[in-house]
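Reading the structure
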Amino acid sequence: MNYLHPERLDLLAREYALGTLNGGARRRFERVLRQSPAATLAVGVWMDRLAQLAGSVPAMQPRDAVWQGLEQRLFAGTADASSTAAAKPSPWRWLAEIFSGRTLGSALAGVLLCVLVLRLQPGLIGMEPERDALPASYVGLLVDAAGKPTVLASSRRHGRQLTVKLLQPVAIPAGAVAQLWALPKDGSAPFPVGVVPGQGSAQVALADSSEKLFFNVTRLAVSLEAAPAKAGDKPSGDFVLSGHCVKLW
Amino acid sequence: MATTNDDLARLLARVALRDRAAFEQVYRATCAHLLGVAFRILNQRERAEEVLQEAFMNVWHSAAGFNAAVATPMTWLINIVRNRAIDALRSGKTERGSTVALDDDAMNIAADEAQQPQQLLDESLARLKIDGCMAGLGASQRQAIALAYYRGMVHTEIAAALGAPLGTVKAWVRRGLDKLKSCLEAAGMSAA
């Protein structure tokens, strides 16, 4: 069955979003969803419509045990797993700890430059085929002022996920997020891709397939924003990181 | 809601950075609404709270997958909770309306039962100012949508609840959703 025929897709997407798609049909459609940007978008549109019907549902305060159980299950073993709000450290303390020894200001000062990397570790962009060749992917390497590689971004050509790996921590001030932008070759306005973490790695869900988003993109950059950018937003300030975006095939 | 979608988007971005304080803020701002959604479907506080907890574990682990360019935070959260609740409902088949533990909640549940899905739908439509537009639908069509959305019922269950043939119910749901789409679009509230 061709799930992606537009009319059939819309019928499946709406029944899935509503919940009336059931049993094997539901599971099969979930598999389609994982692979098809078109299906994800179709479901998203219906979810947005249906979510408006939730406004009238009477709120119901969960018992305290729900939050406590959540903390236990997620954070048991860490120091303040059962701490209460009163004992909780400031939200940004962990950031300060990460960057202890340097100030946030100096860590961010004068960042800008770029470098091009074509070589990356197999496995960084997901499962490798048995042969050695890397799969067709878009790859970006963003560097800081010293030219030091800082963010590695990669996505399979037809994938809808961008893998972001921080090669060194980035200082993200309190109340800000590190917003990743794509800069088209023709010099038109940057468009938002997603939000990147200050350290570690993350999977960023893309609004469309890499091929559609990045086909004409030659550079990626990161700016600090007060909130994650939505489609149509523009960077509010200078880029703190930037680099080339290249096709790996 | 005091916390706007922009606030939530900002907080979810912090959750993706493993910010536990932001995670708690997201939970505090949305848990009562989300528990209400799960409770409508499961009709048992305990199971609804389990679903809420599992949904928030999911939120913690997959906050990086939230993209403000694709969905609003509330749509994303409601979606996680509803899918979890529907899975729980269908795997636990289904003790709806059967025994409820006689604790403090028994009274609330009895009162909530009186508030039928139809009424929830009517309130939502009025709030969205599309009740006039949706009045073009028959009562059964609206009821079919309400049972599917608020109770997580599938076609066969709706058919049994409304005493209508399965094919008719499928057509009602389809027409109901078509109408919802066109009414939302006419009101300028379409997501697309």
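Residues numbered from 1 in each chain as written. Chains lettered and ligands numbered in written order. Predicted model: local features only at pLDDT ≥ 70, side-chain atom pairs only at ≥ 80, totals over all residues.

**Section: the overall build of chain B**
Selection criterion: Elements are defined by DSSP. Helices are runs of H or I of four residues or more, strands are runs of E of two residues or more, and each kind is numbered from the N terminus. Remark: C-beta atoms are placed from the backbone, and a residue is labelled buried if 20 or more other C-beta atoms sit within 10 Å of its own, exposed if 12 or fewer do, or partly exposed between those counts.
When helices and strands are counted, chain B shows ten helices and zero strands. Secondary structure elements of chain B, listed N to C terminal, follow the sequence α-α-α-α-α-α-α-α-α-α. Out of the 192 residues in chain B, the part that is buried amounts to 48%.

**Remarks on the pairing of strand β8 (residues 239–247) of chain A**
All names here are of chain A. The condition is simple: Paired strands are those between which DSSP finds at least two bridges.
The pairing of strand β1 (residues 137–143) with β8 spans four bridges and is antiparallel. When the sheet's bridge partners are listed, Tyr-138 is paired in β8 with Lys-247. Pairing of strand β7 (residues 217–225) with β8, which is carried by five bridges, proceeds in the antiparallel orientation. Bridged to Arg-219 within β8 is His-244.

**Structural notes on the nonpolar core**
Worth spelling out the cut-off: We define a nonpolar core as a collection of buried residues of the types Ala, Val, Leu, Ile, Met, Phe, Trp, Tyr and Cys that are connected via C-beta atoms lying within 7 Å of each other. A pair of residues counts as a contact when their C-beta atoms, built from backbone coordinates, are separated by no more than 7 Å.
One finds A:Val222, B:Leu12, B:Val26, B:Leu34, B:Ala38, B:Leu52 and B:Val81 to be the most contacted residues of the largest nonpolar core, which totals 121 residues. When residues of this core are assigned to their parent elements, the largest contribution, 13 residues, is made by helix α2 (residues 20–42) of chain B. When neighbours within four sequence positions are excluded, B:Val26 is seen to be in contact with B:Leu8, B:Leu11, B:Leu12, B:Val15 and B:Val59.

**Let's talk about the interface of chain B and chain A**
Applied cut-off: Classes in brief: Ala, Val, Leu, Ile, Met, Phe, Trp, Tyr, Cys and Pro nonpolar; Asp, Glu, Lys and Arg charged; the others, Gly included, polar.
Residue-level contacts link 58 residues of chain B with 48 residues of chain A. Within the residue set of the side of chain B that touches chain A, elements represented by two or more residues are α1 (5–16), α2, α3 (45–62), α4 (73–91), α6 (117–127), α8 (139–151) and α10 (166–186) of chain B. Broken down by element, the residue count for the side of chain B that touches chain A peaks at twelve residues, all from α2(B). Counted by class, the side of chain B that touches chain A contains 37 nonpolar, eleven polar and ten charged residues.

**Notes on helix α3 (residues 37–51) of chain A**
Using the following cut-off: Multiplying 1.5 Å by the helix residue count minus one yields the expected span of that helix.
Here α3(A) spans 20 Å end to end across 15 residues, near enough to the 21 Å set by a 1.5 Å rise per residue. Where burial is concerned, most of α3(A) is hidden: eleven out of the 15 residues are buried. Of the positions making up α3(A), those classed as buried are A:Ala39, A:Thr40, A:Ala42, A:Val43, A:Gly44, A:Trp46, A:Met47, A:Asp48, A:Arg49, A:Leu50 and A:Ala51. For α3(A), the secondary structure elements touched by its buried residues are α1 (6–18) and α2 (23–35) of chain A together with α4, α8 and α10 of chain B.

**Looking at the environment of B:Arg18**
With respect to the helices and strands, B:Arg18 occurs in the loop between α1 and α2. Taking the C-alpha atoms as reference points, B:Arg18 and B:Trp60, separated by 42 residues in sequence, lie 7.8 Å from one another.

**Regarding the confidence of the model for chain B**
Residue and element names in this part refer to chain B. Note the following rule: Known as pLDDT, the predictor's per-residue confidence is scaled from 0 to 100.
On average, residues of chain B carry a pLDDT of 85, and 85% of them reach 70 or more. Ignoring residues within four places in sequence, the model shows residues 96–115, a span with pLDDT below 50, making six contacts including any to other chains. Here the prediction assigns the complex a pTM of 0.60, and the interface score ipTM is 0.84.

**Some words on the packing of α8(B) against α10(B)**
All names here are of chain B. The criterion, for reference: Only the stretch in contact is used when fitting a helix axis, every axis being a line fitted to C-alpha atoms; angles between N-to-C directions are given from 0 to 180 degrees. Any angle that falls under 35 degrees is termed roughly parallel, while one over 145 is termed roughly antiparallel, one within 65 to 115 roughly perpendicular, and all others oblique.
Taken N-terminus to C-terminus, the directions of α8 and α10 make an angle of 90 degrees; their axes are 8 Å apart at the nearest point. In this view, α8 runs roughly perpendicular relative to α10, as classed from their interaxial angle. For the pair α8 and α10, contact is made by Ser-140, Gln-141, Arg-142, Ala-144, Ile-145 and Ala-148 and by Val-169, Trp-172, Val-173, Arg-175, Gly-176 and Leu-177, respectively. Among the residues forming the contact of α8 with α10, the class breakdown is seven nonpolar, three polar and two charged.

**Section: the sheet that holds β1(A)**
All names here are of chain A. With antiparallel pairing, the eight strands of this open sheet are ordered in space as β5-β4-β7-β8-β1-β2-β3-β6. Only two strands of the sheet have a single partner each, and these edge strands are β5 (191–196) and β6 (201–205). Across the sheet, the mean angle from the axis of one strand to that of its neighbour is 25 degrees, orientation sign disregarded. As defined by bridge partners, strand β4 (residues 177–184) adjoins β5 across five bridges and the pair is classed as antiparallel. Paired with Gln-179 across the two strands is Val-195, which belongs to β5.

**Side note on the packing of helix α9 (residues 155–162) of chain B against α10(B)**
Residues and elements named next belong to chain B. α10 packs onto α9 with a crossing angle of 105 degrees between their chain directions and a minimal axis gap of 9 Å. With respect to their mutual orientation, α9 and α10 come out roughly perpendicular. Contacts between α9 and α10 involve His-155, Thr-156, Ile-158, Ala-159 and Leu-162 from the first element and Leu-166, Val-169, Lys-170 and Val-173 from the second. Its residues assigned to classes, the contact of α9 with α10 comprises six nonpolar, two polar and one charged.

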